[in-house]
Amino acid sequence: MRNSYHEVRFLTDAAFVDLLADFIASVSDEAIEYGAGSVILRSEKDPEATIEAVERLAQEAQIPLEIEREEKENQDWIRSYQESVRPIEAGPFYVHPDWYPPKENKINLLVNPALAFGSGHHATTYSCLEAIGERVKAGQSLLDVGCGSGILALAARKLGAEVDLCDTDPLAVQSARENFALNDESFSAIWEGSVHQSDRRYDIVVANIIADVLKAIASQLKARMDKNSLLILSGILDTKEAIVTAAFSDLTLLERKQKDEWITLIYTNAKECNG
């Protein structure tokens, strides 16, 4: 262990803290903590790549952001963080780090804190896991857009679905690969990029991304749907719900889930989507 570590504080509005924390955890293999208006990353490694990824996200999603960085004397903060992590149950799934044993009569998903994006603790991921548990069937095809750690596709794979994954961040793609290997599962395809790079149609498309991005790629998501396909959208703040429902108004809304201030929408279509 080094004698010092880097501490990076990402300062933002309270409404964006959860989203920013999830994203940082998806592109970094280090422990994080967050409070009312900040997310703190501590790492013995150079955090420059993570900082650049967060800056890109903030610019693309118009998230207010200030960054403070300093080097501090090392302490055993990783162990303290790990001790604070607890397993959760979401639908039929039991999400746990490797220092907790699997649970009988549950579908176990092994996710360590270093892969915290989509660990189930965030409201959007929790709701998506519930929806996948309720609606995904063996033999179906599923595309996870903006996969982060890949936990949603992993959950679908555990139910017997054939899964593809994509994310615009290369570190997220790497994390998803590692998470599948950790759980002894396989995917059909994974790529760095977005939904438009696939020419397949899927039984289910999942996109747990912020509302403005969902609106921007609405036609691309629809183009990956076939007749009677399902589309699971999440990452939607209740204050942004209207822009998403407007962008997908040509589909049929089957279910609306709300957990805290976060919305998950489940759609289907009565005919083939042409995008």
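Scroll up for the structure.
Residues numbered from 1 in each chain as written. Predicted model: local features only at pLDDT ≥ 70, side-chain atom pairs only at ≥ 80, totals over all residues. Heavy atoms only, no water.

Undergrad: Lay out the packing of helix H1 (residues 17-27) against helix H2 (residues 48-61) with the relevant residues and their values.
TA: At their nearest, the axes of H1 and H2 sit 10 Å apart, and the two run at 140° to each other. With respect to H2, the axis of H1 lies oblique. In this structure, H1 meets H2 at a crossing whose hand is right-handed. Residue-level contacts link Leu 20, Phe 23, Ile 24 and Val 27 of H1 to Thr 50, Ala 53, Val 54 and Leu 57 of H2. Partitioning the contact of H1 with H2 into residue classes produces 7 nonpolar, 1 polar and no charged. (Axes fitted to C-alpha atoms, helices over the stretch in contact; angles between N-to-C directions. Helix = DSSP H or I, 4+ residues; strand = E, 2+ residues; numbered from the N terminus. Parallel < 35°, antiparallel > 145°, perpendicular 65-115°, else oblique. Left-handed = near helix turned anticlockwise from the far one by under 90°. Contact = heavy atoms within 4.5 Å. Nonpolar A, V, L, I, M, F, W, Y, C, P; charged D, E, K, R; others polar.)

Undergrad: So what about the pairing of strand E6 (residues 93-96)? Which residues, and what values?
TA: Alternating residues of E6 divide into Phe 93 and Val 95 and Tyr 94 and His 96, and every residue in both groups is buried. Summarising the sheet, strand E5 (residues 88-90) and E6 pair through 3 bridges and their orientation is antiparallel. Paired with Ile 88 across the strands is Val 95, a residue of E6. In this structure, the hairpin formed by E5 and E6 is closed by a connection of 2 residues, where Gly 91 is found at a positive phi of approximately 60°. In terms of strand pairing, E6 meets strand E7 (residues 107-110) through 4 bridges, oriented parallel. Bridge pairing links Tyr 94 to Asn 108 in E7. (Buried < 20%, exposed > 50% of the residue type's maximum accessible area, 1.4 Å probe, protein only. Pairing = 2+ DSSP bridges.)

Undergrad: Explain the environment of Ser 198 to me, using residue names and the numbers behind them.
TA: With respect to the helices, strands and loops of the structure, Ser 198 is situated in the loop between strand E10 (189-192) and strand E11 (202-208). Sequence separation between Ser 198 and Cys 166 is 32 residues, and the spatial gap between their C-alpha atoms is 9.4 Å. The contacts of Ser 198, once residues within four sequence positions are left out, are Trp 191 and Arg 224.

Undergrad: I'd love a proper account of the packing of aromatic side chains, names of residues and values included.
TA: On inspection of all chains with the given rule, the structure shows 2 aromatic pairs. The interplanar angle of 75° and the centroid separation of 5.3 Å between the aromatic rings of Phe 180 and Phe 187 together place this pair among those described as edge-to-face. Taking relative accessible area as the criterion, Phe 180 reaches 1% and is therefore assigned buried. Classification of Phe 187 by relative accessible area gives partly exposed; the value is 24%. In this arrangement the basic side chain of Lys 259 is found over the ring face of Tyr 126, its NZ or CZ atom lying 4.6 Å from the centre. (Phe/Tyr/Trp six-rings, centres within 6.5 Å; stacked < 30°, edge-to-face > 60°. Lys NZ or Arg CZ within 6 Å of the ring centre and 35° of its normal.)

Undergrad: Tell me about the environment of Ile 67, residues and numbers included.
TA: Position of Ile 67 relative to the elements: it lies in strand E4 (residues 66-73). You can call Ile 67 partly exposed: its relative accessible area is 30%. Once the C-alpha coordinates of Ile 67 and Glu 55 are considered, the two residues, 12 residues apart in sequence, prove to be 9.1 Å apart. What Ile 67 contacts, discounting residues up to four positions off in sequence, is Val 8, Arg 9, Phe 10, Ile 51 and Glu 55.

Undergrad: I'd like a rundown of the side chain of Ser 141, residues and numbers included.
TA: Here Ser 141 lies in strand E8 (residues 141-145). Aside from chain neighbours lying at most four places away, what touches Ser 141 is Glu 162, Arg 200, Arg 201, Tyr 202, Asp 203 and Ile 204.

Undergrad: Mind laying out the nonpolar core, listing which residues take part and the relevant values?
TA: Membership of the largest hydrophobic core comes to 48 residues, with the highest contact counts inside it found for Phe 10, Val 145, Leu 221, Leu 231, Leu 233 and Phe 248. For this core, the element with the most residues is H1, which contributes 8 residues. For Leu 233, the contacting residues outside a window of four places in its chain are Ala 207, Leu 214, Leu 221, Val 244, Phe 248, Ile 263, Thr 264, Leu 265 and Tyr 267. Counting residues in each nonpolar core, the second largest holds 31 residues, with Ile 88, Ala 155, Leu 165 and Phe 180 among its members. (Core = buried A, V, L, I, M, F, W, Y, C linked by side-chain atoms within 4.5 Å.)

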